[in-house]
Amino acid sequence: MNSQEKSNPNKKVLYAALALLGAAAVLLGIWRFAVPKPAEGEKNILVRVIHAGGGEAAFPIQTRQDYLGFALVEAGVVEDNQSTYGLYILTADGETADEGNQEWWKVTKSGEMVNTGADQTPIADGDAFELTLTVGYDG
């Protein structure tokens, strides 16, 4: 085997690594431009907590926070339960979800499900959010 044949597999690995690095850079760029940006400054938002029995509580929140999770904790609407993935809402307005019964707090914005965790959900002045105690992990 001559030296050209030996270096050929190394070149393939190098080209594959460069292609992978390039793809990662492109995906990072897309992510940076696609992630919603929070509004700056003072914000007034409304958060409705909808309990298991159908009762509701409204929390007008005035904050300088950029993301919903931090505003909820700051206002005392939810307990600060940090997980590996960020804020995990287990207790809202004093009611704790029973994970054994597949209960969880669904976060919606003006009735529409948010596609981000509370820590990544940007807020703007006048936004309205709902935290609804939901049973069943499919919905």
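In the block above lies the structure referred to throughout.
What you see is a predicted model, and the numbers here were worked out from it, not measured in a lab. (Residues numbered from 1 in each chain as written. Predicted model: local features only at pLDDT ≥ 70, side-chain atom pairs only at ≥ 80, totals over all residues. Heavy atoms only, no water.)

Things to note about the side chain of T121
Operational definition: Per the convention used, a helix needs a DSSP run of H or I reaching at least four residues, while a strand needs a run of E reaching at least two, with both numbered from the N terminus. Counting of polar contacts relies on pairs of N or O atoms within 3.5 Å, with two restrictions inside protein: one atom must be capable of donating a hydrogen and the other of accepting it, and residues adjacent in sequence are counted only when both atoms are side-chain atoms. The contact criterion used throughout is that any non-hydrogen atoms of two residues lie within 4.5 Å.
Looking at where T121 falls in the secondary structure, it is placed in the loop between β8 (112-113) and β9 (128-135). At 2.7 Å, the side chain of T121 and the side chain of T116 are in polar contact. At a separation of 2.7 Å, a polar atom in the side chain of T121 contacts the main-chain carbonyl oxygen of G117. Not counting the four nearest positions on each side in its chain, T121 is found in contact with D66, Y67, L68, V114, T116 and F129.

Topic: the side chain of T134
Within the secondary structure, T134 is located in strand β9. Engagement of the side chain of T134 in a polar contact is seen with the backbone oxygen of T132, the distance being 3.0 Å.

Section: the sheet that holds strand β7 (residues 103-109)
What counts here: DSSP-based pairing: two strands are paired if at least 2 bridges between them are found.
Taking strand neighbours across the sheet as the criterion, the five strands line up as β2-β1-β9-β7-β8 in an open arrangement whose pairing is mixed. Each edge of the sheet is formed by a strand with only one pairing partner; in this case those strands are β2 (56-63) and β8. Pairing of strand β1 (residues 43-50) with β2, which is carried by eight bridges, proceeds in the antiparallel orientation. Bridging from a neighbouring strand, I50 pairs with E56 of β2.

Topic: the layout of surface pockets
Note the following rule: Cavities and pockets were defined on a 1 Å grid built over protein atoms only: a cavity is a set of grid points that admits a 1.4 Å probe from which the probe cannot escape, a pocket is an open set flanked by protein on both sides within 12 Å along at least five of seven lines, and lining residues are those with an atom within 4 Å of any such point. Grid points are joined across faces, edges and corners, and a volume is the space filled by probe spheres set on the points. Residue polarity is assigned by list, with Asp, Glu, Lys and Arg as charged and Ala, Val, Leu, Ile, Met, Phe, Trp, Tyr, Cys and Pro as nonpolar; anything else, Gly included, falls into the polar class.
What the largest pocket holds in volume is close to 230 Å³. Of all the elements, β7 adds the most residues to the lining of the largest pocket, at four residues. Of the residues assigned to the lining of the largest pocket, the class counts are nine nonpolar, two polar and one charged.

Overview of the pattern of salt bridges
Between side chains of opposite charge, pairing is possible as soon as their charged atoms come close. Here is the rule: Think of a salt bridge as a Lys or Arg side-chain nitrogen and an Asp or Glu carboxyl oxygen that are within 4 Å of each other. Each residue is placed in one exposure class: buried if its accessible area under a 1.4 Å probe, protein chains only, is under 20% of its type's maximum, exposed if it is over 50%, and partly exposed if it falls in between.
In this structure the tally under the stated criterion is four salt bridges. Residues E42 and R64 are paired through a salt bridge, measuring 3.6 Å at the closest nitrogen-oxygen approach. Of this pair, E42 sits in the loop between α1 (3-34) and β1 while R64 sits in the loop between β2 and α2 (68-74); the two residues are 22 residues apart in sequence, bridging distant segments of the chain. Under the relative-accessibility criterion, R64 is labelled exposed at 58%. The closest approach of N and O atoms between D127 and K109, which form a salt bridge, is 3.5 Å. With a gap of 18 residues between them, D127 in the loop between β8 and β9 and K109 in strand β7 connect regions that are remote in the sequence. Given the relative accessible area of 12%, D127 is considered buried. A relative accessible area of 33% places K109 in the partly exposed class.

Considering the environment of G53
Examined against the element boundaries, G53 turns out to sit in the loop between β1 and β2. Residue classification places G53 among the exposed residues on the basis of a relative accessible area of 79%. Linking G53 and L133, residues 80 residues apart in sequence, is a C-alpha distance of 9.2 Å.

A closer look at the nonpolar core
Put simply, the rule reads: Side-chain atoms within 4.5 Å link the members of a nonpolar core, which is a set of buried Ala, Val, Leu, Ile, Met, Phe, Trp, Tyr and Cys residues.
Grouped together as the largest cluster of nonpolar side chains are 21 residues, with contacts concentrated most on V47, L72, I89 and L131. Those elements giving two or more residues to this core turn out to be β1, α2, β7 and β9. In contact with V47, not counting residues within four places along its chain, are A57, A58, F59, I61, L68, L72, V77, F129 and L131.

Looking at the environment of T121
Of the residues examined, T121 reaches a relative accessible area of 4% and is grouped as buried. Distance in space between the C-alpha atoms of T121 and V107 is 9.8 Å, their sequence separation being 14 residues.

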